[in-house]
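One-letter residues, chain by chain:
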Amino acid sequence: MRVIKYTAAVATALLLTACAQKKENIYYWGDYQNSLYSFYQNGSAPEKEIATLNKVIEEAKAKNKPVAPGLHAQLGLLYVNAGQPDLAFQQFTAEKTAFPESASYMDFLMRNKQGAK
Amino acid sequence: MKKLFAFTALLAVITLTGCAKKTPHDYSAFRASKPASILVLPAENHTTDIAAAHSLTSLVTQPLAESGYYVFPVAVVEETFKQNGLNNATDIRSVSTTKLHDIFNADAALYIDINTYGTKYLIVDSETRVTASAKLVDLRSGKQIWSGSATASDNESSNNNQSALGMLIAAAVHQIASNVSDKAHDVAAITSARLLTAGDDGALLPGPRAKAGKI
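Remember, it's a predicted structure, so these values are computed and weren't measured experimentally. (Residues numbered from 1 in each chain as written. Chains lettered and ligands numbered in written order. Predicted model: local features only at pLDDT ≥ 70, side-chain atom pairs only at ≥ 80, totals over all residues.)

A. Examining the packing of helix H5 (residues 85-98) of chain A against helix H6 (residues 103-111) of chain A more closely. Residue and element names in this part refer to chain A. Where H5 contacts H6, the axes come no closer than 9 Å and their chain directions differ by 165°. Here H5 is positioned roughly antiparallel relative to H6, judged by the angle of their axes. Crossing angle aside, the handedness with which H5 passes H6 is left-handed. The segment H5 lies against H6, with Phe 89, Phe 92, Glu 95 and Lys 96 engaging Ala 103, Met 106, Leu 109 and Met 110. (Axes fitted to C-alpha atoms, helices over the stretch in contact; angles between N-to-C directions. Helix = DSSP H or I, 4+ residues; strand = E, 2+ residues; numbered from the N terminus. Parallel < 35°, antiparallel > 145°, perpendicular 65-115°, else oblique. Left-handed = near helix turned anticlockwise from the far one by under 90°. Contact = placed C-beta atoms within 7 Å.)

Right, here's the structure in full:
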């Protein structure tokens with residue numbers, strides 16, 4: 001009797017948790033996607049979005065989480081638009097280091113400085 | 001005692017059938033392709049709202065990246081196409097998979113179609129709905145390896161969101177709503193999460209950067 005009672009309790013607990021997937025984000029996102037949306041809407045004045053993305057990088061560091069794919073490259077594009085190619089290249093390189101999958105494309109962007117401009 | 005036994009038996013039946021799925025989706029092409037990186041092409045907008053494409057494109061990185069894929073920087077990619085004289089989604093779609101692979105070295109490309117975007121005003125009510133579909137094409141073989149579609153509306157009852165996805169969506173909406181006051185864009189975040197979150201049968205398979213222990 002006691003065994004069955006125990007079994008029932010365990011089974012209930014398992015049932016209630018079995019299908020649920022706990023989901024913790026891999027990356028720190030902050031305002032990255034909102035910044036993308038603003039970039040698309042306005043296009044001009046990169047300074048504000050540069051500040052936003054640098055803030056996201058700082059926040060990610062503080063939380064000890066990686067920034068999302070593409071964030072460094074996006075910041076690189078903003079620096080290109082702001083006429084700061086050195087800072088842009090630093091960001092393209094950071095994207096490449098964090099995500100080797102992007103290496104060819106980041107090299108392509110840095111080879112064709114005009115391509116990103 | 002008898003009652004308890006019946007209860008236990010019932011629980012056992014529910015346990016054995018609860019998570020079971022009907023006909024499992026055929027993932028053979030997807031599994032053979034094993035993409036690690038996804039190039040999201042600018043979305044093709046079939047609606048009258050010109051904001052739709054950029055709204056949705058700005059929201060696809062999160063579900064794809066959290067599903068374990070490297071996602072190419074969507075706005076930078078669009079800029080590269082522009083520099084090469086390709087200014088709209090239709091022209092960009094005509095670029096061959098070989099050429100895309102040469103430039104970006106991405107394993108797969110995601111082609112998105114937006115079919116509904118915006119608010120419909122009815123006599124007593126209004127509804128904001130965003131519907132989109134997508135297909136994933138292996139850029140090394142040129143073969144389509146997955147397709148899916150999703151819709152979301154601000155009129156849905158809250159009880160049809162399930163488990164992890166429901167939580168994810170709630171979080172996404174909260175995040176967006178606190179910063180941008182644009183209803184269709186908020187709904188697009190839900191559509192994007194439903195369309196591009198890995199895990200469920202028929203959805204994308206998790207990518208190599210996904211945390212272990214899922215499917």
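What follows continues from the structure just given.
B. Layout of H5 of chain A. Residues and elements named next belong to chain A. Here H5 contains 14 residues, and its C-alpha end-to-end distance of 20 Å stays within 8% of the 20 Å for a straight helix at 1.5 Å per residue. Looking at H5, one finds that the buried residues are Ala 88, Gln 91, Phe 92, Glu 95 and Lys 96. Down the axis of H5, the buried side of the element spans an arc of 140°, and every buried residue falls inside it. Exposed residues pointing more than 90 degrees away from the buried face of H5 are listed as Asp 86 and Thr 97. (Expected span 1.5 Å × (residues − 1). Buried ≥ 20, exposed ≤ 12 C-beta atoms within 10 Å, placed from the backbone. Arc of directions from axis to C-beta.)

C. Just the pairing of strand S1 (residues 37-40) of chain B, in detail. Residue and element names in this part refer to chain B. Here S1 shows two buried faces, one formed by Ser 37 and Leu 39 and the other by Ile 38 and Val 40. Bridge count for S1 against strand S3 (residues 70-71) is 2 bridges, and the pairing is parallel. Across the sheet, Ser 37 pairs through a bridge with Tyr 70, a residue of S3. Here S1 pairs with strand S4 (residues 108-121) via 3 bridges, running parallel. Bridge pairing in S4 links Leu 39 to Ala 109. (Pairing = 2+ DSSP bridges.)

D. Geometry of the nonpolar core. Residues and elements named next belong to chain B. Formed by 75 residues in total, the largest nonpolar core has its most connected members in Ile 38, Leu 39, Val 40, Leu 56, Ala 106, Ala 109 and Leu 110. No other element matches helix H9 (residues 183-196), which puts 8 residues into this core. Once residues within four sequence positions are removed from consideration, Ala 106 is found in contact with Ser 37, Ile 38, Leu 39, Phe 72, Leu 100, His 101 and Leu 139. (Core = buried A, V, L, I, M, F, W, Y, C linked by C-beta atoms within 7 Å.)

E. Molecular detail of the environment of Gly 142 of chain B. Counting through the fold element by element, Gly 142 of chain B comes out in the loop between strand S5 (126-138) and strand S6 (144-153). Once residues within four sequence positions are removed from consideration, Gly 142 of chain B is found in contact with Thr 97 and Val 137 of chain B.

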